[in-house]
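Chain residues, written in single-letter form:
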Amino acid sequence: MLGIIGRKVGMTQVYSEGGSLLPVTLVKISPNVVIGKRTLEKDGYQSVIIGTEDLKAKHTTKPYKGIFGDIVPKRILKEFRMDDVAGYEKGQEVALDIFDDVKFVDVSGLSSGKGFQGVMKRWGFHGGRATHGSKFHRQNGSTGNCEYPGRVFKGLKRAGRMGFEKVTIQSLNLVSIDKEKNIMVIKGALPGKKNTELVIKKACKKN
């Protein structure tokens, strides 16, 4: 199924039909437009390219404008693989109607960046003793061997930059859609901070 691109507004609370209080995230959907297609004959696979958020003319180059043709250049482009792309044409607008019969969605976005962090925060290491005289509190301990192999193995858990990675949360409940304000209400927390770009698709594991 084709997805849609939006921006995270923030979290709030709503009441369900049964009277339960639900934590939800609001996602603002700007107009999504079909920019192009990939076909089996030409590209070896099928997909639809969606663009959103108009880009100012002074921020575009001639080669980039050539991608869009008569369409106003878009700042964000995403590609959605599909089994059949025959029903989509360049310039066609993708509306929230594609989620009319959808109850659960998968949401992808960049997680919040936390900067350079140690192994306790980044990987959940236990840490050393906190007692008097200990000189080993939050370090990561031994990372390699002595003579052989004489190096640190690739992929070892160490301190480093944490967050700001692509995260996908699956099977989230789509509470409601406000088509007048172009806002989706999704139960639970979504990746990233406020104003984060999000890609929303029909849940692949839950109907």
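Owing to the predicted nature of the structure, the values given are computational and were not obtained by experimental measurement.

## Topic: unusual backbone geometry
Of all residues except glycine, most have a negative phi; of all peptide bonds, most are trans. In this chain, Y148 is followed by P149 through a cis amide linkage whose omega measures 0°. Summarising the element assignment, P149 is placed in the loop between α3 (119-123) and β9 (160-162). Unlike most non-glycine residues, F164 shows phi in positive territory, near 55°. Here F164 lies in the loop between β9 and β10 (166-178). Despite not being glycine, N182 has its phi angle at roughly 55°, a positive value.

## Remarks on the confidence of the model for the protein chain
With 100% of its residues at a pLDDT of at least 70, the protein chain reaches an overall mean of 92. Confidence, expressed as mean pLDDT per element, reaches its minimum in the protein chain at helix α2 (residues 62-68) with 90 and its maximum at strand β8 (residues 115-117) with 97.

## Focus: the sheet that holds strand β5 (residues 74-81)
The 4 strands lie next to each other as β5-β4-β3-β6, forming an open sheet whose pairing is antiparallel. Edge positions in the sheet fall to β5 and β6 (93-94), since each of these pairs with one other strand and no more.

## As for the sheet that holds strand β12 (residues 197-202)
Think of a sheet as strands paired side by side through backbone hydrogen bonds, with each pair either parallel or antiparallel. Strand order in this closed barrel of 6 strands is β1-β2-β11-β10-β7-β12, and the pairing throughout is antiparallel. Shown here is a sheet whose adjacent strand axes are inclined to one another by a mean of 45°, direction ignored. As judged from the 6 bridges shared by strand β7 (residues 104-110) and β10, these two strands associate in the antiparallel manner. Residue S108 lies in a different strand from β10, and its bridge partner there is T168.

Criteria and thresholds
- Residues numbered from 1 in each chain as written.
- Predicted model: local features only at pLDDT ≥ 70, side-chain atom pairs only at ≥ 80, totals over all residues.
- Heavy atoms only, no water.
- Helix = DSSP H or I, 4+ residues; strand = E, 2+ residues; numbered from the N terminus.
- pLDDT = per-residue confidence, 0-100.
- Pairing = 2+ DSSP bridges.
- Axes fitted to C-alpha atoms, helices over the stretch in contact; angles between N-to-C directions.

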